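Geometric and topological summary
Each chain is listed here by its residues.
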Amino acid sequence: MKKSVTILVLVLGLAIIASLHLGLNVYAPAAVLSALGGADGTDAIIITSLRIPRTLVAICAGAALGLSGFLVQASTRNPLAEPGLLGINAGAAFSVVLGITLSGSLGLAAIGGLALAGGLVTTALVFGIVTAAGRTAGPGTTLLAGVTLAAMLASLTQVLLLVDETALETMLFWLSGGFADRSFEVLALGLPSLVIGLVGALAIAGSLDVLRLDDDSAGALGVRVTGIRMGALALGALLAAGAVAMAGPVVFLGLVAPHLARRLAPRATSAGQIVVTVLTGASIAVLADIVARLIVLPGEAPIGAVLALVGVPILVSLLRRKAEAVL
Amino acid sequence: MNRIAVPTRLAAMAACLVAVTVVATGVGSSALPLDRVVAALIGRGETMDEVIVWTLRLPRVALAILAGMALALAGALLQRVTRNPVAAPSILGITDGAAVGVVAFLWIFSDDANALTVSIHWQPLAAALGALVFSALVAVLALLDPQGRSPLRIILYGISLAALAKAAVTLMMILGPVYRAGQALTWLTGSIGAAHWSDVATVAAGLVLATVVLALLGRLVRQLVLDPDTAASTGVAVGRTQLVFLALAVALTALAVSQVGAVGFVGLIAPHIARFLHGQFTEGFLAATAMIGGALVLGADTLARTMAAPVELPAGALTALVGAPLFLWLLLKERRTHG
């Protein structure tokens, strides 16, 4: 556990350093250092106003999505669960597409705000449906209600896009998510939910440990099972909504980061897994972002596609190893 | 609902499906009233009506129903095998594999003027090829897995390869010509479009084969509801049964997707609607699931060709619009009957 945290911190640190140096223009360490020291010039502007924000957004969105995935998987005890299943991405995408269709064009900060609002409203709807469905409803129902609402919103989004072809091109890129050209304002949109989510998750980590048992045993140990599960889901939703506000609907990371973290630290407590998952999510996001700017020069590849290209081989190779043999 | 006898319930569902079929056959750019549809269906209509019904509308209606049935059955089997309520055909990597096949096909065989250099009729073959390659990859990874072949691991390999396939599709769409991207998007959403009786026959043949297999193994489907240990103690070879059903789900999905594209949501939601309307431990659960899946895709496709006529929307964009409200209503209604 300690060893994997150390390694992950090292990987993340190296990834951050690489992220500042690499891109369409590759800089020497001296140029990066002088830019960080407050130097002027085109290179310094590129580093401070483009590379630093996108690196920070990648770290925050990656950490938020990884943690969100962990919480959703833990509270539903479903290894296939991921934040997208709660309808957050679909709700965010729908409100953004609706906004663009109604107003013509929007800046990234406005899009981020719309996405945050759309994601949160959708989650509220999902929880409303589950509450209205009453006592027969468990976490399974939450996932199903989320998936159903997500599918409905996705289909409305698609209809809007088919009707309004000019929005299609702008949206096609936003819909695949990304960290490029994000400003500090966008970061400010997502950061509060990351902080709340992280603090909240660590606060309920002890109960999440007990939740790994079945419901009856957990209840017998004094854990308010339903309350903790719904709390964890709400935190997961908040984290994912913050991430979608920053980076658009980034898929796959929320699913993969917790699985990777579980492989990296198989015997960690929930608190330990939270730390490992956050570090894993952030590292993957920064690494994927670097790859995204390098593989289709002079353009950029969508981050969702790169995440899959980077994440899938790692996941498959880890799946094929025995849990004990990892690190 | 559960007080009605099983055969009556299934017959009622079948009657609903037939009614939807007749209505769907009637509506369209030249709408036919019900009596003329029925007359044409039983061969006593006017020549023009019979042409519209038998060569234009009915093949499309039949293909929608059969594809919906195949996807719904695949979903029900997957949910049973993995004992996971959110399992659906799209998580096996088949749908996305088929998408890779189609997008690659559109890309490779386009000339500079965006025209296809080969016939569009090869597209289903490209889809089937893509589906085959990706399901073969999942199978190889699962078979070579050093830790045994549990369904969860197969699904994780499936999800991984599906993500890889999605990435490939996105990259090809961004690097390829924009016009093709739009066309590929329509296919990726799933659309029935012009259907021929030969397409219908292909899917029907596959469904008949699947039905035979399911009829032979029907008891096992129900036993898989139990947890693995209990199921094993009732005499099921759990591992092998799971693999057989998984393979069947793959085949059914590939069959449907190669004909109608990546129509989503049906495989996920049809079994749950059947669970509410019929009961998942009741005899005839799979039949109910299939009929509901058929009705969902037919409803979506009918909406797709009439809603914004003369523009046709892809049916896959509307399956959720048809199915989601129904499912949410059932979810909320369940409380009033049980709580």
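As named in an unreviewed UniProt entry, chain B is Iron chelate uptake ABC transporter family permease subunit, taken from Maritimibacter harenae. Comment text from UniProt for chain B, heading Subcellular location (unreviewed entry), reads "Cell membrane". Quoted verbatim from the Sequence similarities (unreviewed entry) field of the UniProt record, the comment on chain B reads "Belongs to the binding-protein-dependent transport system permease family. FecCD subfamily."

An unreviewed UniProt entry lists chain A under the name Iron chelate uptake ABC transporter family permease subunit, from Maritimibacter harenae. Word for word, the UniProt comment on chain A under Subcellular location (unreviewed entry) is "Cell membrane". Under the heading Sequence similarities (unreviewed entry), UniProt records this for chain A: "Belongs to the binding-protein-dependent transport system permease family. FecCD subfamily."

With 41 residues of chain A in contact, the opposing surface of chain B contributes 41 residues. Sorting elements by how many residues they give to the side of chain A that touches chain B places helix α6 (residues 139-163) of chain A first, with 15 residues. Looking at the side of chain A that touches chain B, its residues break down into 28 nonpolar, 10 polar and three charged.

Now for unusual backbone geometry. All names here are of chain B. We note that F265 has phi near 75°; this positive angle belongs to a residue other than glycine. If you trace the backbone, F265 turns up in the loop between α10 (238-260) and α11 (266-277). What makes F265 buried here is the crowd of 32 C-beta atoms within 10 Å.

With that settled, consider the UniProt feature "transmembrane region" (unreviewed entry) in chain B. Residues and elements named next belong to chain B. Residues annotated by UniProt as "transmembrane region" (unreviewed entry) correspond here to residues 58-78, 90-110, 122-144, 156-180, 200-222, 243-273, 285-304 and 311-332. Span residues 90-110 is 71% helix and 0% strand, its end C-alpha atoms 28 Å apart. Structurally, residues 122-144 is divided into 91% helix and 0% strand, and its ends, taken at the C-alpha atoms, are 33 Å apart.

All names here are of chain A. In this model, helix α1 (residues 2-21) (20 residues) spans 29 Å end to end at C-alpha, consistent with the 28 Å of a helix rising 1.5 Å per residue. Along α1, the positions that sit buried rather than exposed are S4, L8, L12, A15, S19 and L20. The buried residues of α1 occupy an angular sector of 135° when projected down its axis, which confines them to one face. Residues K2, K3, T6, L10 and G13 are exposed on α1 and point more than 90 degrees away from its buried face. Residues of α1 that are buried in the fold lie against α2 (29-36), α3 (42-76), α12 (253-264) and α13 (270-295). Phi turns positive, to about 155°, at G23, one or two residues after α1.

Let us look at the nonpolar core. Counting residues in each nonpolar core, the largest one holds 223 residues, and the members touching the most others are A61(A), A67(B), A70(B) and L73(B). Tallying contributions element by element places helix α3 (residues 47-82) of chain B first for this core, with 20 residues. Not counting residues up to four positions away in its chain, the partners in contact with A61(A) are F179(A), G190(A), A243(A), M246(A), A247(A), V250(A) and A285(A).

Residue and element names in this part refer to chain A. Under the local residue numbering, the UniProt record ascribes the feature "transmembrane region" (unreviewed entry) to residues 50-72, 84-102, 108-130, 142-163, 183-211, 232-254, 274-296 and 303-320. Measuring from the first to the last C-alpha atom of residues 50-72 gives 32 Å, for a span that is 100% helix and 0% strand. Secondary structure over residues 84-102 splits into 79% helix and 0% strand, and the C-alpha atoms at its two ends are 25 Å apart.

Residues and elements named next belong to chain A. You can see I284 is positioned in helix α13. Taking C-alpha positions, I284 is 8.9 Å from A58, a pair spaced 226 residues apart along the chain. Apart from residues no more than four positions distant in its own chain, I284 is found in contact with G62, L253, A257, L307, V310 and G311.

Moving on, we come to the packing of helix α4 (residues 94-108) of chain B against helix α5 (residues 123-143) of chain B. How two helices pack is summed up by the angle between their axes together with the distance between the axes. All names here are of chain B. Direction vectors running N to C along α4 and α5 enclose 135°, while the axes themselves pass 6 Å from each other. Classified by the angle between their axes, α4 and α5 sit oblique to one another. Handedness of the α4/α5 crossing: right-handed. The segment α4 lies against α5, with I94, D96, G97, A98, A99, V100, G101, V102, A104 and F105 engaging Q123, A126, A127, L129, G130, A131, V133, F134 and S135. Tallied by class, residues from the contact of α4 with α5 come to 13 nonpolar, five polar and one charged.

Analysis parameters
- Residues numbered from 1 in each chain as written.
- Chains lettered and ligands numbered in written order.
- Predicted model: local features only at pLDDT ≥ 70, side-chain atom pairs only at ≥ 80, totals over all residues.
- UniProt positions renumbered as here; feature names shortened; annotations may be inferred.
- Contact = placed C-beta atoms within 7 Å.
- Helix = DSSP H or I, 4+ residues; strand = E, 2+ residues; numbered from the N terminus.
- Nonpolar A, V, L, I, M, F, W, Y, C, P; charged D, E, K, R; others polar.
- Buried ≥ 20, exposed ≤ 12 C-beta atoms within 10 Å, placed from the backbone.
- Expected span 1.5 Å × (residues − 1).
- Arc of directions from axis to C-beta.
- Core = buried A, V, L, I, M, F, W, Y, C linked by C-beta atoms within 7 Å.
- Axes fitted to C-alpha atoms, helices over the stretch in contact; angles between N-to-C directions.
- Parallel < 35°, antiparallel > 145°, perpendicular 65-115°, else oblique.
- Left-handed = near helix turned anticlockwise from the far one by under 90°.

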